[in-house]
Amino acid sequence: MASKTYGIDFGTSTIKICRKGQGIVLNERNVIAIADRDRIIASGDEAYEMYEKAPANIKVTYPVRSGVIADVGNMMALLSQFMYKISGLKKPGSADYIVATPTDITEVERRSFYDLIASSNIKSGHIKIVEKPIADALGAGLDIMTARGVMVVDIGADTTEVSILSLGGIVLSKLIPVGGNKLDEAIKGIVKRQYNLYIGDKTAENVKKKLACALPSLKASVKVYGRDVVNGLPTETEISSKTVYEAISEYLYTIIDAIRIILERTPPEISSDIIDSGIYITGGSARIFGLDELLHKETDLKINICENPAETVALGLGRIMEESRLNSLADVLKPKMLTN
Ligand SMILES: Nc1ncnc2c1ncn2[C@@H]1O[C@H](COP(=O)(O)OP(=O)(O)OP(=O)(O)O)[C@@H](O)[C@H]1O
Ligand SMILES: [Mg+2]
């Protein structure tokens, strides 16, 4: 065993790294900026600052898409940059790694998380994999080693993962390609149609953070800047929460449908546990106002929005590293889920 152990949640929008005994040591945009095809000029939050502002010779990209590694080369390069940043050294020493991977992906996709670390130029000892819903539930403070079933819904940037856990394993899990990014795109689309205004991804995300509400009750508005579709000039306009609600509600209902499908397939004994303790919501998009109220209205279940929802996976990896009774939850490659 190496003396240091890190847990990594390779999120589509943000990467979170936790170090054994120290908690979360990095939480940055999972973005890389490359100039002239092969020169890395920025990583993480610094690269995100360049997003949508860079000249043609600089490419600013996200190497993780829909929860899986879409661009292995750039993700490897980014990981080394992040590890240098954390260690403060030119060459970080050897460390063990635990990586969280979605459950409902192919074995090849799961393997790529392992290969990414093994083949990168950071020195690694043991590399273990944990299924993300397990880390999520632990990070939410739940005890998953008992026979009491729990339901966790992680609403991230590119994905929503709905899972049922019991006895330290996953009973059911479904990954759908809907998360905060879809809401941002929908906001961009409606602003273009209703106000004839092009806005960027960053502006759309900021509008969402200020105005997105899962229920039509919020009455608020914000000023946004963009480019007029007709005359091409920079323009400002006021966007209302009603417009944002119109854009996003369809996607919130897609998430509700995924929750319903999993609830319908849940074994009855576990269903009764879920009626008792409710659904646990994690992931950055859990911060949408009124989401708990909408989910409660649609499922009739108690809804628990977790504290620091975007960090629960990394916090759970921390618990697996630190609590010896949980160590066995990390494995080289965990078995697949029981049913789907
Ligand atoms: N206050 C907020 N209101 C609404 N959405 C928010 C808020 N804060 C963050 N988000 C959204 O949460 C998402 C990021 O969440 P998270 O870090 O859990 O995703 P990720 O782990 O990178 O993605 P994935 O799990 O899909 O790979 C982004 O879409 C972001 O816009
Ligand atoms: Mg995530």
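Just so you know, these numbers come straight off a predicted model, no measurement behind them.

Across its full length, the chain holds 10 helices and 18 strands. Taken against the 2.2 N^0.38 rule, which gives 20 Å for 340 residues, the C-alpha radius of gyration of the chain at 21 Å falls within 12% of a compact globule. Seen through its C-alpha atoms, the chain measures out along the principal axes to roughly 60 × 55 × 30 Å. The buried share of the chain, reckoned over its 340 residues, is 44%. Expressed as a percentage of contacts within the chain between residues at least 6 apart in sequence, the contacts between residues at least 24 apart total 64%.

Counting buried residues along strand β2 (residues 14–19), six of its six residues qualify, which places the element largely inside the surrounding structure. Connecting strand β1 (residues 5–10) to the antiparallel partner β2 that follows it, the hairpin turn spans three residues. Note: β2 against strand β3 (residues 23–29), six bridges, orientation antiparallel. Bridge pairing links I15 to E28 in β3. Adjacent in sequence and paired antiparallel, β2 and β3 are bridged by three residues, among which G21 carries a positive phi angle near 85°.

Near ligand 1 you find 22 residues, and of these G11, T12, G156, G180 and G284 are the closest. For the shell around ligand 1, the secondary structure elements donating two or more residues are α5 (180–195) and α6 (201–211). Tallying contributions element by element places α6 first for the shell around ligand 1, with three residues. Taken together, the residues of the shell around ligand 1 break down into four nonpolar, 13 polar and five charged.

Okay, helix α2 (residues 72–87) next. Its 16 residues place the ends of α2 22 Å apart at the C-alpha level, agreeing with the 22 Å of an ideal helix rising 1.5 Å per residue. Turning to α2, its buried residues number three or more, namely N74, M75, L78, L79, F82 and M83. Backbone geometry just after α2 places G88 at a positive phi near 70°.

With domains assigned, the chain is organised as domain 1 (5–131 + 313–329) and domain 2 (141–305). A straight line from the C-alpha centre of domain 1 to that of domain 2 covers 24 Å. Taken together, the 14 residues of domain 1 in the interface contact 15 residues of domain 2. The class makeup of the residues in the side of domain 1 that touches domain 2 is four nonpolar, six polar and four charged.

Counting along an α-helix, one turn takes 3.6 residues, and residues three or four places apart therefore face a common direction. For helix α4 (residues 132–139), the tally of buried residues reaches eight of eight residues, placing the bulk of the element in the interior. Inspection of α4 places K132, P133, I134, A135, D136, A137, L138 and G139 among the buried residues, and these make up the whole buried set. One or two positions beyond α4, positive phi appears at G141, with a value near 85°.

Between α5 and α6, the shortest axis-to-axis distance is 9 Å and the interhelical angle comes to 105°. Taken as axis vectors, α5 and α6 run roughly perpendicular relative to one another. The residues of α6 that touch α5, namely those facing L183, D184, I187 and K188, are D201, A204, E205, V207 and K208. Among the residues forming the contact of α5 with α6, the class breakdown is four nonpolar, no polar and five charged.

To continue, consider the nonpolar core. Core analysis: the largest hydrophobic core is formed by 92 residues, its most contacted members being A137, Y280, L317 and I320. With sequence-adjacent residues up to four places away left out, Y280 is seen in contact with A137, A140, L142, V150, M151, V152, N304 and C306.

For L301, the location among the structural elements is in the loop between α9 (291–299) and β18 (303–305). Between the C-alpha atoms of L301 and S277, which are 24 residues apart in sequence, the distance is 8.6 Å. Not counting residues within four places of it along the chain, the set of residues in contact with L301 comprises I274, I275, G278, I279 and H296.

Right, let's talk about the packing of α5 against helix α7 (residues 241–265) for a bit. For any two helices packed against each other, one specifies the inter-axial angle together with the distance between the axes. With their axes 9 Å apart at the nearest point, α5 and α7 run at an angle of 135° to one another. Here α5 lies oblique to α7, going by the angle between them. For the element pair α5 and α7, the recorded crossing hand is right-handed. Contact residues: α5 offers K182, L183, A186, I187, G189, I190 and Q194, while α7 offers T243, V244, E246, A247, I248 and Y251. Residues belonging to the contact of α5 with α7 are distributed by class as follows: eight nonpolar, three polar and two charged.

This brings us to unusual backbone geometry. The residue E52 is not glycine, and still its phi comes out positive at about 65°. Positionally, E52 belongs in the loop between α1 (44–50) and β6 (58–61).

The rules behind each value
- Residues numbered from 1 in each chain as written.
- Chains lettered and ligands numbered in written order.
- Predicted model: local features only at pLDDT ≥ 70, side-chain atom pairs only at ≥ 80, totals over all residues.
- Helix = DSSP H or I, 4+ residues; strand = E, 2+ residues; numbered from the N terminus.
- Rg over C-alpha atoms; globule rule 2.2 N^0.38 Å.
- Buried ≥ 20, exposed ≤ 12 C-beta atoms within 10 Å, placed from the backbone.
- Contact = placed C-beta atoms within 7 Å.
- Pairing = 2+ DSSP bridges.
- Near = placed C-beta within 6 Å.
- Nonpolar A, V, L, I, M, F, W, Y, C, P; charged D, E, K, R; others polar.
- Expected span 1.5 Å × (residues − 1).
- Domains from an automatic or database assignment.
- Axes fitted to C-alpha atoms, helices over the stretch in contact; angles between N-to-C directions.
- Parallel < 35°, antiparallel > 145°, perpendicular 65-115°, else oblique.
- Core = buried A, V, L, I, M, F, W, Y, C linked by C-beta atoms within 7 Å.
- Left-handed = near helix turned anticlockwise from the far one by under 90°.

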